Amino acid sequence: DKIKSLLIQSEEPYIPWELCYLEDAALEDGGKFFCELFEVSRWRDTERTQEMVLDLPLKKIALVVPADSGLDASEREADYLKSKAGGSLSVEEIQPEVMALLRAFKQGTYDVFHFVGHGYVDSSRADPNNASIELKGGQSFTPDLLFGDAKNLGKAQPIVFLNACQTGL
């Protein structure tokens, strides 16, 4: 009851720690997921990792929402984020197309990338590199597109928020 937040430092990026289930006979339902019990954050602990950033500037948010996703709540979520813009916070809509997303990554200036839409994982293969998010017109964005100038995405050490199906896989 005293622990409120959990910081996970790990060398691997693939284990969905937030979805680890803690069984506890003392709980009414028998257990809960980490993300239900704690404020969970991760820090990838590698030799190349810089010092932990304790200040999250949140000044420039990139919003990626395919209008043709068919998801009822996606427009409300986008409107909510856009309503937070003002003062030192800007929320910029990025066209949900592969080339537009690559151009935004190349800039390396966004503090947050917020995606709302469909995500897919080939469950026959356990490799997260086979995952994709669906952009406008059924275009797929996959991890293998993160090369060259697109790697500038990491310059600002952004939070990447994927509100998409199967992202926990």
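Residues numbered from 1 in each chain as written. Predicted model: local features only at pLDDT ≥ 70, side-chain atom pairs only at ≥ 80, totals over all residues. Heavy atoms only, no water.

Student: I would appreciate a short explanation of the sheet that holds strand S9 (residues 132-134) in the present structure.
Tutor: Within a beta sheet, neighbouring strands are joined by backbone hydrogen bonds and run either parallel or antiparallel to one another. Within the open sheet, the three strands sit side by side as S8-S9-S10. Their pairing is antiparallel. Across the chains shown, the open sheet's two edge strands, defined by having one partner strand only, are strand S8 (119-120) and strand S10 (140-141). Examined bridge by bridge, S9 and S10 share two bridges and lie antiparallel to one another. Residue Glu 134 lies in a different strand from S10, and its bridge partner there is Ser 140. (Pairing = 2+ DSSP bridges. Helix = DSSP H or I, 4+ residues; strand = E, 2+ residues; numbered from the N terminus.)

Student: Where do I start with the nonpolar core in this structure?
Tutor: General note: in soluble globular proteins, nonpolar side chains tend to be found buried as a group. Membership of the largest hydrophobic core comes to 18 residues, with the highest contact counts inside it found for Ile 94, Leu 101, Phe 105, Phe 113, Leu 135 and Phe 141. When residues of this core are traced back to their parent elements, those giving at least two are strand S5 (60-64), helix H3 (98-107) and strand S7 (112-117). Among the elements that take part in this core, H3 stands out by supplying six residues, more than any other. Filtering out sequence-adjacent residues up to four positions away, Phe 141 remains in contact with Val 98, Leu 101, Leu 102, Phe 105, Ala 131, Ser 132, Ile 133, Leu 135 and Leu 146. (Core = buried A, V, L, I, M, F, W, Y, C linked by side-chain atoms within 4.5 Å. Buried < 20%, exposed > 50% of the residue type's maximum accessible area, 1.4 Å probe, protein only. Contact = heavy atoms within 4.5 Å.)

Purely geometric numbers; function is a separate question.
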